[in-house]
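Letter by letter, the chains look like this.
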Amino acid sequence: GDAYNNMGNMYSYLTHIKLAERSYRHASLCDPKRADYMVNVAGMQAQSDLAGAVKTYKKALKIQPKFPEAYNNMANFLRDLGDLKQAAKAYKHALKLMPSQPDILTNLLSTEMYLCDWRNKDKRLKKLISVTEKQLSRGETPALTPFYAGTFGIGPELLLKISAATSKG
């Protein structure tokens, strides 16, 4: 399985999406208990079939239910398909598994705003600001983009820091 997975990685890097997907599928057939192989299939599959990719993510999550990246990626595709309620549900699963992951926090917060669900906005925003400030203090480019920072109503001082760090990255 690993050889096919590595071959899929190479094809993916070369942007040969169909060959990458085929290689990842072979890896998954060799070792059907490897959720990461299925996640790779879904990533390639999403290039042409978002609904199919969501189904593949669900299969991967049956194998490995504690896979936050899979929940986050699946939620992104659900959001792209317009299923915001299911996307929010998947982001919440991901956030339970990785409570300080800024990408997941941003994705969930923006999705909840689209749904006009303000119940946890202040709590999530406070957490996201804290995580963003830590990233900035370490000299990292924050996961929170200036667009979402502005959308979420982040204060001007932090917004300026986020914008400056993002423009350097």
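Overview of the structure.

Reading guide: rules and limits
- Residues numbered from 1 in each chain as written.
- Predicted model: local features only at pLDDT ≥ 70, side-chain atom pairs only at ≥ 80, totals over all residues.
- Heavy atoms only, no water.
- Helix = DSSP H or I, 4+ residues; strand = E, 2+ residues; numbered from the N terminus.
- Buried < 20%, exposed > 50% of the residue type's maximum accessible area, 1.4 Å probe, protein only.
- Contact = heavy atoms within 4.5 Å.
- Areas by Shrake-Rupley, 256 points an atom, 1.4 Å probe, with all protein chains shown as cover.
- Lys, Arg positive; Asp, Glu negative; His and termini not counted.
- Charge placed at Lys NZ, Arg CZ, Asp CG, Glu CD.
- Salt bridge = Lys/Arg side-chain N within 4 Å of Asp/Glu carboxyl O.
- Expected span 1.5 Å × (residues − 1).
- Core = buried A, V, L, I, M, F, W, Y, C linked by side-chain atoms within 4.5 Å.
- Phe/Tyr/Trp six-rings, centres within 6.5 Å; stacked < 30°, edge-to-face > 60°.
- Patch = residues over 30% accessible without salt bridge, like charges linked within 9 Å, V, L, I, M, F, W, Y side chains within 5 Å.

Helix and strand content of the chain: ten helices and zero strands. Each helix and strand of the chain, ordered N terminal to C terminal, gives the series α-α-α-α-α-α-α-α-α-α. Dimensions of the chain, computed from the C-alpha atoms along their principal axes, are close to 50 × 35 × 25 Å. Residues counted as buried form 39% of the 169 residues belonging to the chain. Considering only residue pairs separated by 6 or more positions, the chain has 44% of its internal contacts joining residues 24 or more positions apart. A total accessible area of about 9,600 Å² is found for the chain, and carbon and sulfur atoms account for 55% of it. Considering the chain, the positive charge centre built from 25 side chains and the negative charge centre built from 15 side chains are found 5 Å apart.

To continue, consider unusual backbone geometry. With a phi angle near 60°, Thr-15 is a residue other than glycine that sits in the positive phi range. Relative to the assigned elements, Thr-15 resides in the loop between helix H1 (2-13) and helix H2 (17-30). Its relative accessible area of 60% is what places Thr-15 among the exposed residues. A positive phi angle, close to 60°, is found at Cys-116, a residue other than glycine. Relative to the helices and strands, Cys-116 is located in the loop between helix H7 (102-114) and helix H8 (121-137).

It is worth spelling out the pattern of salt bridges at this point. Counted by the stated rule, this structure contains seven salt bridges. Residue Arg-34 pairs with Asp-2 through a salt bridge whose shortest N-O separation is 3.3 Å. One end of the pair, Arg-34, is in the loop between H2 and helix H3 (35-45); the other, Asp-2, is in helix H1, with 32 residues separating them in the sequence. On the accessibility criterion, Asp-2 (45% relative accessible area) is partly exposed. Where Glu-112 meets Arg-124, a salt bridge forms, and the shortest distance between an N and an O atom there is 2.9 Å.

A few words on helix H4 (residues 50-63). An ideal rise of 1.5 Å per residue puts 20 Å on 14 residues; H4 measures up with 20 Å between its terminal C-alpha atoms. Of the positions making up H4, those classed as buried are Gly-52, Ala-53, Val-54, Thr-56, Tyr-57, Ala-60 and Leu-61. Close packing links the buried residues of H4 with H3 and helix H5 (68-80).

This part takes up the nonpolar core. Tyr-57, Met-74, Leu-144, Phe-152 and Ile-154 are the most contacted members of the largest nonpolar core, which totals 37 residues. Among the elements of the structure, H3, H4, H5, helix H6 (84-97), H7, H8 and helix H10 (156-168) are those that each provide at least two residues to this core. The residues contacting Met-74, other than those within four sequence positions of it, are Val-54, Tyr-57, Lys-58, Leu-61 and Ala-90.

This next bit is on the packing of aromatic side chains. For the structure shown, the criterion picks out three aromatic pairs. Considering the side-chain rings of Phe-147 and Tyr-148, the 5.1 Å spacing of their centres and the 75° angle between planes classify their relative orientation as edge-to-face. Look at Phe-147 and you get exposed, because its relative accessible area is 59%. Here Tyr-148 falls in the partly exposed class, since its relative accessible area comes to 21%. Members of the aromatic cluster, joined through ring pairs, are Phe-147, Tyr-148 and Phe-152.

Our next topic: a nonpolar patch on the surface. Together, Tyr-4, Met-7, Met-10, Tyr-13 and Leu-14 make up a nonpolar patch on the protein surface, roughly 520 Å² of accessible area in all. Locating Met-7 in the fold gives a position in helix H1.

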